[in-house]
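Coordinate inspection notes
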Amino acid sequence: MTVRARAFVPGHVTGFFTVERGPDPAHTGSRGAGLALASGVTVAVREASGPITLDGEPIDIAAAEQVRQALGLDRAVAVATDLPLGAGFGVSGAVALGTALAGAAALDCPRPRSELVGLAHRAEVAAGTGLGDVVAQATGGLVVRTAAGEPSIGRVDAIPVAGSVEVFSRGERSTADIVGGETDRLSAAGERALATLLDDPRPATFYRASRRFGTAAGLDHPVADVLADVERAGGTAIVAMLGETVISPDGGLSAAGYDVRRVQIDPAGAALREVPDDRDGA
Ligand SMILES: Nc1ncnc2c1ncn2[C@@H]1O[C@H](COP(=O)(O)OP(=O)(O)OP(=O)(O)O)[C@@H](O)[C@H]1O
Ligand SMILES: CC(C)(CO)[C@@H](O)C(=O)[O-]
């Protein structure tokens, strides 16, 4: 089956965040910081019509369906990923953004990148599955979101960083349940973390502020045992919001005996990938 366009979108783990509710999805989002990861999703839009599939199986991801509707895209969308859904890697946002980028390319429908990022952001917010992942995934690196909302409204910066992190993931957590509930405490903790990071914009400060945020926001308990193990082993660890996933930048997870994956930090954000002419693809 012929592939018309393909996009790669990095996974994104949020270290800390606030919830900013605006009058509409464009103005709604979060402030905060997180890491874009070289493990992500590849979205291939085919010539033929068909559903969205994940590793070959049909899947319902509301944010991506909404992007398809907005673009008028009925072509098959084949998603491949080595990341789990619902575990804090922003997979739904990544699929929505990949569908927007590859979908517009497949339809030969020229739109500026910021509009496509905005389309995916609004869809992700409306679905309740994320607030800041899409704009971060579009940026890459250690992403700092200083004003919430789609690209024409929000503000995004990044702290230069290279290298890799260890990842340990053991379960899911519902983003919609947490961001749809009472968020004053977590947003206050997110504000403090952001002020700390902006005052001293270094990766080490990101990890320290994120670790404190997890505790202050009451969001670290599902993996408190893992964090404690890593710290006993002399390492650094943070919770990937919002999942049962822990990230360590300094080998702390493997030092504590966990079976981990090492993942590079993605430097550049989501992008189209070349599709060789007349060849079958993913
Ligand atoms: N088997 C599945 N497990 C989890 N989610 C699924 C599954 N199948 C479909 N989905 C859909 O995928 C989306 C998952 O969104 P969710 O926000 O929970 O996770 P995520 O985007 O991977 O990452 P994060 O935890 O960072 O928000 C939802 O739209 C959900 O309905
Ligand atoms: C809400 C969130 C933590 C879910 O992954 C993320 O979208 C963010 O940082 O806004």
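All values derive from a computational prediction rather than experimental measurement.

Some remarks on the UniProt feature "domain: GHMP kinase N-terminal" (unreviewed entry) in the chain
Per the UniProt record, "domain: GHMP kinase N-terminal" (unreviewed entry) is found at residues 62-141. Secondary structure over residues 62-141 splits into 60% helix and 9% strand, and the C-alpha atoms at its two ends are 26 Å apart.

A word on the packing of helix H1 (residues 62-71) against helix H2 (residues 91-106)
Angle between the axes and distance between the axes are the two parameters that describe a pair of packed helices. Packing of H1 against H2 brings their axes to within 8 Å, and their N-to-C directions diverge by 20°. Considering their axes alone, H1 and H2 lie roughly parallel with respect to each other. Crossing hand, H1 versus H2: right-handed. Each of Ala-63, Ala-64, Val-67, Arg-68 and Leu-71 in H1 lies in contact with H2, whose residues at this interface are Ser-92, Gly-93, Val-95, Ala-96, Thr-99, Ala-100, Gly-103 and Ala-104. Broken down by class, the residue content of the contact of H1 with H2 amounts to eight nonpolar, four polar and one charged.

Comments concerning the site of ligand 2
Around ligand 2, a shell composed of 13 residues is seen, among which Thr-14, Ser-30, Gly-130, Leu-131 and Gly-132 lie nearest. Those elements giving two or more residues to the shell around ligand 2 turn out to be strand S1 (3-17) and helix H5 (175-179). Split into classes, the residues belonging to the shell around ligand 2 amount to five nonpolar, seven polar and one charged.

What about helix H7 (residues 203-216)?
Taking 1.5 Å as the rise per residue, H7 with 14 residues should run 20 Å; its terminal C-alpha atoms sit 20 Å apart, in good agreement. Residues of H7 that are buried include every one of Phe-206, Tyr-207, Ala-209, Ser-210, Arg-211, Phe-213 and Gly-214, and no others. Residues of H7 that are buried sit in contact with S1, strand S2 (32-49), strand S6 (142-147), strand S7 (155-159), helix H6 (184-199) and strand S9 (238-239). Phi turns positive one or two residues past the end of H7, at Gly-218, with a value near 70°.

A closer look at the pairing of strand S5 (residues 75-81)
Of all seven residues in S5, five are buried; the element is thus mostly enclosed. As paired elements, S2 and S5 share six bridges and run antiparallel to each other. From the neighbouring strand, Ala-44 faces S5, where its bridge partner is Ala-78. Direction of pairing for strand S3 (residues 52-54) relative to S5: parallel, over a ladder of three bridges. When the bridges of S5 are listed, Thr-53 appears paired with Ala-78.

What to know about H6
Here H6 is 16 residues long and its end C-alpha atoms lie 23 Å apart, about the 22 Å a rise of 1.5 Å per residue gives. Every buried residue of H6 is listed here: Leu-186, Ala-189, Gly-190, Ala-193, Leu-194 and Leu-197. Taken around the axis of H6, the buried residues stretch over an arc of 140°, which confines them to a single face. Residues of H6 that are exposed and point over 90 degrees away from its buried face: Asp-184, Arg-185, Ala-195 and Asp-199.

Let's talk about the nonpolar core
If you look at the biggest cluster of nonpolar residues, it comprises 86 residues, and the most contacted ones within it are Val-43, Ala-96, Leu-97, Ala-120 and Val-246. Broken down by element, this core gets its largest block of residues, 10 residues, from H2. Other than its neighbours up to four places away in sequence, Val-43 contacts Arg-6, Ala-7, Val-9, Val-77, Val-79, Val-95, Gly-98, Thr-99 and Ala-102.

Observations regarding the site of ligand 1
Around ligand 1, 21 residues are found, and the nearest of them are Gly-86, Val-91, Ser-92, Thr-129 and Thr-175. Counting residues per element, the shell around ligand 1 draws most heavily on H2, which supplies three residues. A breakdown of the residues in the shell around ligand 1 according to their chemical character gives nine nonpolar, 10 polar and two charged.

Overview of unusual backbone geometry
In this structure, Leu-242 follows Met-241 across a cis peptide bond, with omega equal to 5°. Counting through the fold element by element, Leu-242 comes out in the loop between S9 and strand S10 (244-248). Here the phi dihedral of Asp-55 falls at roughly 50°; this positive angle occurs in a residue that is not glycine. Within the secondary structure, Asp-55 is located in the loop between S3 and strand S4 (57-58). A positive phi angle is found at Asp-108, which is not glycine, with a value near 55°. Mapped onto the fold, Asp-108 is located in the loop between H2 and helix H3 (113-127). Residue Asp-108 is classed as exposed on the basis of its 8 C-beta neighbours within 10 Å.

Quick notes on the rules
Residues numbered from 1 in each chain as written. Chains lettered and ligands numbered in written order. Predicted model: local features only at pLDDT ≥ 70, side-chain atom pairs only at ≥ 80, totals over all residues. UniProt positions renumbered as here; feature names shortened; annotations may be inferred. Helix = DSSP H or I, 4+ residues; strand = E, 2+ residues; numbered from the N terminus. Axes fitted to C-alpha atoms, helices over the stretch in contact; angles between N-to-C directions. Parallel < 35°, antiparallel > 145°, perpendicular 65-115°, else oblique. Left-handed = near helix turned anticlockwise from the far one by under 90°. Contact = placed C-beta atoms within 7 Å. Nonpolar A, V, L, I, M, F, W, Y, C, P; charged D, E, K, R; others polar. Near = placed C-beta within 6 Å. Expected span 1.5 Å × (residues − 1). Buried ≥ 20, exposed ≤ 12 C-beta atoms within 10 Å, placed from the backbone. Pairing = 2+ DSSP bridges. Arc of directions from axis to C-beta. Core = buried A, V, L, I, M, F, W, Y, C linked by C-beta atoms within 7 Å.

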